[in-house]
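Coordinate inspection notes
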Amino acid sequence: MTNYKTLFFVFALFIGWTVNAQVNEMFIDIQKPGAVIQPTMYGLFFEDINYAADGGLYAELVKNRSFEFPQNLMGWQTFGKVTLLDDGPFDRNPHYIRLSDPGHPHKRTGIENEGYFGIGVKKGESYRFSVWARLPEGTDASRLRIELVKPNSNNEIHAFATQTLTIDSKEWKKYQLFLKPEITEAKSTLRIFLDSPHPVDLEHVSLFPTDTWQGHENGLRKDLAQALADIHPGAFRFPGGCIVEGTDLDTRYNWKNTIGLVENRPLNENRWNYTFPHRLYSDYYQSYGLGFYEFFLLSEEIGAEPLPVLSCGLACQFQNDKPEAHVPVQELNPYIQDALDLIEFANGDIHSTWGAIRAEMGHPAPFNLKLIAIGNEQWGPEYPEHLEPFVKAIRKAHPEIRIIGSSGPDSEGKQFEYLWPEMKRLKVDLVDEHFYRPETWFLSQGARYDNYDRKGPAVFAGEYACHGKGKKWNHFYTSLLEAAFMTGLERNADIVQIATYAPLFAHVEGWQWRPDMIWFDNLSSVRTVSYYVQQLFSHNKGSNVLPLTMNQKPVTGAEGQNGLFASAAWEKKDNTIIVKVVNTSDKTQSVSLNFSGLKKKESLSAGRVIQLHSTDLDKDNTLEQPSAIVPQESAVTINGNVFKAELEPYTLAIYTFKLN
Ligand code: AHR
């Protein structure tokens, strides 16, 4: 034993680690780079669950801005003389309100919006208030007072941003002004009241931070969009999830309702409003302000391939098995047309019907759509029956588009066994697999894809996360197991072409599903350990797989492999060798990376290691402690072609070496 090793063992004993004396000898052959790791490999899954869109990524701060919730004044308090009317300027959102003189100079008429768990605003920033308004009676002008208010410590209402707005037209017109809060407040209220005796009609009341992601007016919350961009995702799946299917066909996600003038996008319910009775959010709706145009734009801006998922004409099979929840196959044409039209909306030239709409919305250049998924978690013979006509029509009109089919809601079992051969029969390009599974599953699936049929469709691991048994919330250990499992995705990059952790976002006060990748409140957000796992894999992806073995076998956490998982890759752009090793055991593991296949004048140098490690397996980052567990990077030294490391228990380590 070298002096260094003796010292290490003494140190390890001192701090209470157990050390596995056996050296885990891994061999990496860099001579023949193998399968291409697709640029799409590590992507993102977006669904409006946990207030991910309205109340989250979509930066609108006013809830029920068009008065179209089934209870039209939900989210609003009214005082004085307020009337609800329904012959407004936007035919798909016809409701609006009238503020009238309460009949005494000291009395007031107005409305207050509670936002999403309050309205979060920051001192010194600017907020764009806008409203459609008109004067319903013969007068030249009327005045409104617009305020952000909060209860102060004495429980008096304190207005901390105030502006006056003059309404000067009998015709509907859009007005806007900017509010600059004097304080930072997570739970303020937007108050609008009549400041002169003449009545005013109001529709589509909106408040956005001016500083949105990329400065778009109908924009996204900057910190949340930035977190997505910082992953460098290869693909962006939208809009879900179950939300695609709807509890019934009428409430399915219909992309055509989500484009065009924001004011006229019709409201839809959000199924996560009522899916779990113990987490009932009766005010959760989809405004569609964040719609398909915005999804395509965001994909482009974060450098990800857009991956839309469309309804196949089957409503959510978990929630609705009534005959009317299935479109008869012979009546599927409108649904198929929706898919064809979507391809035209994304890629068609500006003279095509849908390409012209895209251009009018501000994007004449195509979005370069290459992937489309039909159906989410469908099952039974009805799914392939429904999918087949879509495949035929899309292949005929757009042979360039790759089609994704589903293997159902489970990672194995009856439906999965039935659907995979069906997807092969239909010759889809990729099959979407979903697995929200416990620790034991993730530990046992390191070799999941090693023996998949290489002649059939590729795999899109479209929704996955490790759900701790009895601990269904974010914590370090489950994220570590996701990393372990992901080495198996990477080793099989010839067949696994896209993988997206799910779900993406959750509001701390409005979640329905845990764990999630990014948590937020009204003012700030936190990147979980699972986020960092995704980011580290994405940033250190490599362009080609390299063979890595231990005792001539891949390192998959199998019996005798000491809880180790590993993969290796070569990045051609900067000639780097990347080795990912995950130690899921409770022991320090001695690891030796033996590189072979170097040409005569080649050598390895400039070693770095990035590690993600925690001694507390139940811990994660929180809004209060956002950097509790973050990647740590340092230099390492390689001696010739062999690198030796002592890998602490429960650690993801990514080693990179420059190939000179
Ligand atoms: O990610 C949450 C949900 O899990 C998705 O909507 C659905 O596809 C899956 O069951």
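Residues numbered from 1 in each chain as written. Predicted model: local features only at pLDDT ≥ 70, side-chain atom pairs only at ≥ 80, totals over all residues. Heavy atoms only, no water.

1. Digging into the overall build of the chain
- Along the backbone of the chain there are ten helices and 34 strands.
- Taking 26 Å as the expected radius of gyration for a compact globule of 660 residues, we find that the chain reaches 28 Å, a close match to that expectation.
- By its C-alpha atoms, the chain is 95 × 65 × 45 Å across when sized along the principal axes.
- The contacts of the chain with a sequence gap of at least 6 include a subset with a gap of at least 24, amounting to 76%.
- Carbon and sulfur atoms make up 51% of the accessible area of the chain, which totals about 26,000 Å².
- Seen as two clouds, the 64 positive and the 81 negative side-chain charges of the chain have centres 5 Å apart. (Helix = DSSP H or I, 4+ residues; strand = E, 2+ residues; numbered from the N terminus. Rg over C-alpha atoms; globule rule 2.2 N^0.38 Å. Contact = heavy atoms within 4.5 Å. Areas by Shrake-Rupley, 256 points an atom, 1.4 Å probe, with all protein chains shown as cover. Lys, Arg positive; Asp, Glu negative; His and termini not counted. Charge placed at Lys NZ, Arg CZ, Asp CG, Glu CD.)

2. Describing helix H6 (residues 382-397)
- With 16 residues, H6 extends 24 Å between its outermost C-alpha atoms, agreeing within 8% with the 22 Å of an ideal straight helix rising 1.5 Å per residue.
- For H6, the secondary structure elements touched by its buried residues are helix H4 (333-347), strand S18 (371-374), strand S19 (402-406) and helix H7 (414-425). (Expected span 1.5 Å × (residues − 1).)

3. A closer look at empty space enclosed by the protein
- Counted by the stated rule, this structure contains four cavities of 30 Å³ or more.
- One number sums up the size of the largest cavity: a volume of about 150 Å³.
- As for the largest cavity, its lining consists of 18 residues, of which Arg 65, Ser 66, Phe 69, Leu 267 and Ser 287 are closest to the centre.
- Of the residues contributing to the lining of the largest cavity, the split by class is seven nonpolar, six polar and five charged.
- Volume-wise, the second largest cavity comes out at about 80 Å³.
- For the lining of the second largest cavity, a count of residues per class yields eight nonpolar, three polar and two charged. (1 Å grid on protein atoms, 1.4 Å probe; cavity = no way out; pocket = protein on both sides within 12 Å on 5 of 7 lines; lining within 4 Å. Points joined across faces, edges and corners; volume = space filled by probe spheres on them. Nonpolar A, V, L, I, M, F, W, Y, C, P; charged D, E, K, R; others polar.)

4. Some details on the sheet that holds strand S28 (residues 564-571)
- On the basis of which strands lie adjacent, the open sheet formed by six strands has the order S26-S28-S29-S34-S31-S32 and antiparallel pairing. The strands lining the two open edges of the sheet, one partner per strand, are strand S26 (544-546) and strand S32 (632-636). Geometrically, the sheet is characterised by an average inter-axis angle of 25° between neighbouring strands, direction not taken into account.
- Across three bridges, the pairing between S26 and S28 is antiparallel. Counted as the bridge partner of Leu 546 is Ala 568 from S28.
- Across the face of the sheet, helix H9 (residues 476-491) comes into contact with S26, S28, strand S29 (576-583), strand S31 (604-613) and strand S34 (651-659) while running at roughly 50° to S28. (Pairing = 2+ DSSP bridges. Axes fitted to C-alpha atoms, helices over the stretch in contact; angles between N-to-C directions.)

5. Some thoughts on the site of the ligand
- Taken together, Glu 47, Gly 241, Cys 242, Trp 272, Asn 376, Glu 377, Tyr 436, Glu 463, Pro 503 and Trp 513 are the residues near the ligand.
- At 2.8 Å, a backbone N or O of Cys 242 approaches an oxygen atom of the ligand.
- Contact distances for the ligand include 2.8 Å between an oxygen atom and a side-chain N or O atom of Glu 377.
- In the complex, the protein chains occlude 95% of the 280 Å² of accessible area that the ligand would expose alone.
- Taken together, the residues that form the shell around the ligand break down as five nonpolar, two polar and three charged. (Near = heavy atom within 4 Å. Polar contact = N/O pair within 3.5 Å; in protein donor to acceptor, adjacent residues only side chain to side chain.)

6. What about the side chain of Ser 407?
- Along the chain, Ser 407 falls in the loop between S19 and H7.
- Only 2.8 Å separates the side chain of Ser 407 from the backbone oxygen of Asp 432, close enough to count as a polar contact.

7. Comments concerning the nonpolar core
- Within the largest apolar cluster, 129 residues are counted, with the highest numbers of intra-cluster contacts made by Phe 46, Leu 57, Leu 228, Phe 236, Phe 292, Ile 372 and Phe 505.
- Of all the elements, H9 adds the most residues to this core, at nine residues.
- Looking at this core, you find at least three residues from each of domain 1 (24-34 + 545-658) and domain 2 (76-209).
- Setting aside residues up to four positions removed in sequence, Phe 46 forms contacts with Ala 52, Ala 53, Leu 57, Phe 236, Arg 237, Phe 238, Pro 239, Gly 240, Leu 290, Phe 295, Leu 504 and Phe 505.
- One finds Phe 67, Val 131, Ala 133 and Ala 161 within the second-largest nonpolar core, a separate group that totals 31 residues. (Core = buried A, V, L, I, M, F, W, Y, C linked by side-chain atoms within 4.5 Å. Buried < 20%, exposed > 50% of the residue type's maximum accessible area, 1.4 Å probe, protein only. Domains from an automatic or database assignment.)

8. With respect to the pattern of salt bridges
- A full pass over the atoms with the stated rule returns 41 salt bridges.
- One network of salt bridges, in which partners are shared, links Arg 108, Glu 112, Arg 143, Arg 145, Glu 147, Arg 191 and Asp 195. (Salt bridge = Lys/Arg side-chain N within 4 Å of Asp/Glu carboxyl O.)

9. Focus on the packing of aromatic side chains
- Enumeration according to the criterion identifies 51 aromatic pairs in this entry.
- Seen from their ring centres, Trp 272 and Phe 276 are 6.0 Å apart, and the 35° between their planes marks the pair as tilted.
- Seen from the ring of Trp 272, Arg 271 lies directly overhead, with NZ or CZ sitting 4.5 Å from the centre.
- In this structure, Arg 279 packs its charged tip against the face of Trp 511, placed 3.5 Å from the ring centre. (Phe/Tyr/Trp six-rings, centres within 6.5 Å; stacked < 30°, edge-to-face > 60°. Lys NZ or Arg CZ within 6 Å of the ring centre and 35° of its normal.)

10. Some thoughts on the side chain of Glu 68
- By the secondary structure assignment, Glu 68 is in the loop between strand S2 (42-45) and strand S3 (76-79).
- We note that Glu 68 is buried and unpaired, the nearest opposite charge coming from Arg 65 at a distance of 10 Å.
- Reaching out from Glu 68, the side chain makes a polar contact with the backbone nitrogen of His 95 at a distance of 2.6 Å.
- Leave out the neighbours within four places in its chain, and Glu 68 touches Asn 93, Pro 94, His 95 and Leu 267.

11. Observations regarding the packing of H9 against helix H10 (residues 529-539)
- At a closest axis distance of 8 Å, the pairing of H9 and H10 adopts a crossing angle of 25°. By the angle between their axes, H9 is roughly parallel relative to H10. Between H9 and H10 the crossing geometry is right-handed. Here Phe 476, Ser 479, Glu 482, Ala 483, Met 486, Thr 487 and Glu 490 of H9 lie close against H10, whose contacting residues are Val 529, Ser 530, Val 533, Gln 534 and Phe 537.
- Among the residues forming the contact of H9 with H10, the class breakdown is six nonpolar, four polar and two charged. (Parallel < 35°, antiparallel > 145°, perpendicular 65-115°, else oblique. Left-handed = near helix turned anticlockwise from the far one by under 90°.)

12. Structural notes on the domain arrangement of the chain
- Split by domain assignment, the chain resolves into domain 1 (24-34 + 545-658) and domain 2 (76-209).
- For domain 1 and domain 2, the distance between their C-alpha centroids amounts to 57 Å.

13. Focus on the environment of Gly 303
- Examined against the element boundaries, Gly 303 turns out to sit in the loop between helix H3 (292-302) and strand S17 (305-310).
- A sequence separation of 74 residues divides Gly 303 from Ala 229, and the C-alpha atoms of the two residues are 7.8 Å apart.

14. Regarding the environment of Gly 456
- Mapping Gly 456 onto the fold places it in the loop between helix H8 (439-444) and strand S21 (458-466).
- C-alpha of Gly 456 to C-alpha of Lys 424: the two residues are 32 residues apart in sequence and 5.9 Å apart in space.

15. So, the sheet that holds strand S13 (residues 200-209)
- Strand order in the open sheet formed by five strands is S4-S5-S13-S8-S11, and the pairing between neighbours is antiparallel. With partners counted over all chains shown, the strands left at the sheet margins are strand S4 (81-85) and strand S11 (173-179), one partner each. Adjacent strand axes in the sheet meet at a mean angle of 35°, parallel and antiparallel pairs treated alike.

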